[in-house]
Amino acid sequence: MAFPQENGAAVEPSNGTLEMAPAKPCATWDIDGGAACSPPVRTLAEGQTLVMGSGRDAGVQVFDPAVSARHCELSVAGGVLLIRDLGSKNGVFVGGARVESARLGPGASFVVGRAVVSCLESARLGRFGEDEPVAPIPGVIGASLAMRRVVREARRLADLKGPVLLRGETGSGKDVLARAIHQLGTRRVRPFVPLNVGTLPRELADAELFGHERGAYTGAHGSREGAFVQAHAGTLFLDEIAELPLDLQVKLLRVLEDGEVRPLGGRARRVDVRVISATWAPLHRRVAEGLFRQDLYQRLAVFVVDVPPLRERRADLPSLAARFLEDLGPEVGEKELSSGALSKLASYGWPGNIRELRNVLYRAALASAGRRIGSGDVAVSLDAATPPRCATVSPEQARAVVAGQGGNVSAAARQLGLARSTLRDLLERE
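Residues numbered from 1 in each chain as written. Predicted model: local features only at pLDDT ≥ 70, side-chain atom pairs only at ≥ 80, totals over all residues. Heavy atoms only, no water.

On to the overall build of the chain. For the chain, the helix and strand inventory stands at 15 helices and 22 strands. Per-residue burial for the chain yields a buried fraction of 51% across its 430 residues. When contacts within the chain are restricted to residue pairs at least 6 apart in sequence, long-range pairs at least 24 apart make up 64% of them. Entry remark: accessible area of the chain is about 19,600 Å², with carbon and sulfur atoms responsible for 49%. (Helix = DSSP H or I, 4+ residues; strand = E, 2+ residues; numbered from the N terminus. Buried < 20%, exposed > 50% of the residue type's maximum accessible area, 1.4 Å probe, protein only. Contact = heavy atoms within 4.5 Å. Areas by Shrake-Rupley, 256 points an atom, 1.4 Å probe, with all protein chains shown as cover.)

Below you can see the structure in the form of structure tokens.
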């Protein structure tokens, strides 16, 4: 199948890929006669037709009571995916609306029953490896192709000692993945110490990281173990590492190279710590701008894992939504998403990623009158989630203020009167 690019230019003919994920983290799907915990991936060539449904003769069999025996038909013609409802009882949904037929390109998705079906370019498959089942890891929800790649990497790196750098947008779940890597490895019986560097007051960051002795500075009425000592023999997770001030970058590099930490006013102490760091910002750009030390970057980025944003793993929406609604059950009661509501979620861009999804579901669940959350409930919740756009600060001005604050985004956001997430969006714009 040949998918057109976003700018409308034609690309070389290739197969299109359909990716489906179950409504629960480990639901069973029939893939060519076998069972697997991961969603099936099917390719369609130009002129080929595929039927989805719950019947045995369906090309993709979906075990869902909301799906008819022959639910819908998929085909490829003229470089786009065509979907046609075959008179199903509960319909096919695109963008929150029920449709009889639709034409979809790469990146688009539709919903049948409780499944989100994403359209991928098969050229992307090489990035994710073979389409094979992957056992879940602690706390990480999702069996999409993108998440299977991440899970494989997490398992491969868990028992190693080398530092890991997790790159991904705010709210994409880097902290959850860091904890999962720790729990999968041999250090799981030792402490996991998370520390958000971006929220540390500059005057306390040194003591938080490396500790201090009594009387080391004004107000130090007692001794304190820093994060490195607390994480001895375990894992230290340094979130928002890009916001670490330059003077502390030098000290962090020394600890990583020597394995010794020196608290303020005290003597050096040996530590055995596996460091996992995370960043939303492109550290190579920070290095080029002189805001992050290149030697520290090389030391932290021994292994790099890119955590995909939610918009690149839409097939995981049913699993994530089911988990969040289950967690919210004691407050909002037992809730479930309608197919239209799920389709509405699948058509949204998710700038706030998984964290934003939970908030949207929270509001939608409270807005719904009964057990079922409808597309209207989701629409109202999404409207409430849209922040006002900032038109008074340009990206150039934002970068200048951040540079003036020594790379500290939190301080720059306070100076500009912006939320940190808004400032980050400005910094990422060309």
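Okay, back to it.
So, about the packing of aromatic side chains. Under the criterion given, the structure shown has three aromatic pairs. Measuring from ring centre to ring centre gives 6.0 Å for Phe-210 and Phe-228, while their planes differ by 15°; the resulting arrangement is stacked. Highlighted residues: Phe-210 in helix 4 (residues 202-210) and Phe-228 in helix 5 (residues 227-230), separated in sequence by 18 residues. Each member of the pair, Phe-210 together with Phe-228, is buried. Seen in terms of ring centroids, Tyr-348 and Trp-350 are 4.6 Å apart; in terms of plane orientation they differ by 90°. Their pairing is edge-to-face. With relative accessibility at 17%, the residue Tyr-348 sits in the buried group. Taking relative accessible area as the criterion, Trp-350 reaches 0% and is therefore assigned buried. (Phe/Tyr/Trp six-rings, centres within 6.5 Å; stacked < 30°, edge-to-face > 60°.)

A few words now on the nonpolar core. Counting 46 residues, the largest nonpolar core has Phe-228, Leu-236, Leu-238, Ile-241, Leu-252, Phe-292 and Leu-423 as the members making the most contacts within it. Top contributing element to this core by residue count: helix 6 (residues 246-258), with five residues. Apart from residues lying up to four places away in sequence, Leu-252 is in contact with Phe-210, Phe-228, Leu-238, Ile-241, Leu-244 and Leu-296. Phe-93, Ala-321, Ile-354 and Leu-361 belong to the second largest nonpolar core, which has 29 residues in total. (Core = buried A, V, L, I, M, F, W, Y, C linked by side-chain atoms within 4.5 Å.)

Our focus in this paragraph is unusual backbone geometry. The phi torsion at Glu-240 lies on the positive side, around 55°, for a residue other than glycine. With respect to the element layout, Glu-240 can be found in the loop between strand 16 (235-239) and helix 6. Phi angles above zero are rare outside glycine, and Asn-353 is one such case at about 60°. Position of Asn-353 relative to the elements: it lies in helix 11 (residues 353-367). Since its relative accessible area comes to 0%, Asn-353 is described here as buried.

We now examine the sheet that holds strand 16. Strand order in the open sheet formed by five strands is 15-16-19-14-20, and the pairing between neighbours is parallel. Taken across any chain shown, the strands that pair with only one partner, and hence form the sheet edges, are strand 15 (192-196) and strand 20 (303-306). Ignoring strand direction, the axes of neighbouring strands in this sheet form an average angle of 20°. Strand direction decides the pairing type here: strand 14 (residues 164-167) and strand 19 (residues 274-279), joined by four bridges, are parallel. Bridge pairing links Val-164 to Ile-276 in strand 19. (Pairing = 2+ DSSP bridges. Axes fitted to C-alpha atoms, helices over the stretch in contact; angles between N-to-C directions.)

The next thing to look at is the packing of helix 4 against helix 6. Across the interface, helix 4 lies against helix 6 with an axial gap of 11 Å and an inter-helix angle of 5°. Taken as axis vectors, helix 4 and helix 6 run roughly parallel relative to one another. Contacts between helix 4 and helix 6 involve Arg-202, Ala-205, Asp-206 and Phe-210 on the former and, on the latter, Asp-247, Leu-248, Lys-251, Leu-252 and Val-255. Among the residues forming the contact of helix 4 with helix 6, the class breakdown is five nonpolar, no polar and four charged. (Parallel < 35°, antiparallel > 145°, perpendicular 65-115°, else oblique. Nonpolar A, V, L, I, M, F, W, Y, C, P; charged D, E, K, R; others polar.)

Turning to the environment of Phe-292, a few remarks are in order. On the secondary structure map, Phe-292 appears in the loop between helix 7 (283-288) and helix 8 (294-300). The exposure class assigned to Phe-292 is buried, which follows from its relative accessible area of 2%. Sequence-wise, Phe-292 and Gly-407 are 115 residues apart; in three dimensions their C-alpha atoms are separated by 8.4 Å. Contact partners of Phe-292, with chain neighbours within four places excluded, come to Ile-241, Ala-242, Leu-246, Gln-249, Leu-283, Arg-286, Val-287, Tyr-297 and Leu-300.

What follows covers helix 12 (residues 375-385). Three- or four-residue spacings in an α-helix give side chains the same orientation, since the helix completes a turn every 3.6 residues. Every buried residue belonging to helix 12 is among Asp-377, Val-378, Ser-381, Leu-382 and Ala-385, and all of these are buried. The buried residues of helix 12 occupy an angular sector of 130° when projected down its axis, which confines them to one face. Residues of helix 12 that are exposed and point over 90 degrees away from its buried face: Val-380, Asp-383 and Ala-384. The secondary structure elements touched by the buried residues of helix 12 are helix 10 (339-346), helix 11 and strand 22 (372-373). (Arc of directions from axis to C-beta.)

Summarising the element assignment, Arg-314 is placed in the loop between strand 20 and helix 9 (317-332). In this structure the side chain of Arg-314 is engaged in a polar contact, spanning 2.6 Å, whose partner is the backbone oxygen of Tyr-348. Excluding residues that lie within four positions of it along the chain, Arg-314 makes contacts with Gly-107, Ser-109, Val-116, Ser-118, Ala-346, Ser-347, Tyr-348, Gly-349 and Trp-350. (Polar contact = N/O pair within 3.5 Å; in protein donor to acceptor, adjacent residues only side chain to side chain.)

Another point: the environment of Ala-412. Note on placement: Ala-412 falls in helix 14 (residues 409-416). Residues Ala-412 and Val-401, spaced 11 residues apart in sequence, show a C-alpha to C-alpha distance of 5.8 Å.

Moving on, we come to empty space enclosed by the protein. In this structure the tally under the stated criterion is one cavity of 30 Å³ or more. The space that makes up the largest cavity amounts to roughly 40 Å³. Lining the largest cavity we find Val-197, Gly-198, Leu-200, Pro-201, Arg-202, Ala-205, Glu-243, Pro-245 and Asn-408. In the lining of the largest cavity, the residues fall into five nonpolar, two polar and two charged. (1 Å grid on protein atoms, 1.4 Å probe; cavity = no way out; pocket = protein on both sides within 12 Å on 5 of 7 lines; lining within 4 Å. Points joined across faces, edges and corners; volume = space filled by probe spheres on them.)

Within the secondary structure, Phe-192 sits in strand 15. On the accessibility criterion, Phe-192 (13% relative accessible area) is buried. Not counting the four nearest positions on each side in its chain, Phe-192 is found in contact with Ala-178, Arg-179, His-182, Thr-235 and Phe-237.

That's the geometry; what it means functionally is another story.
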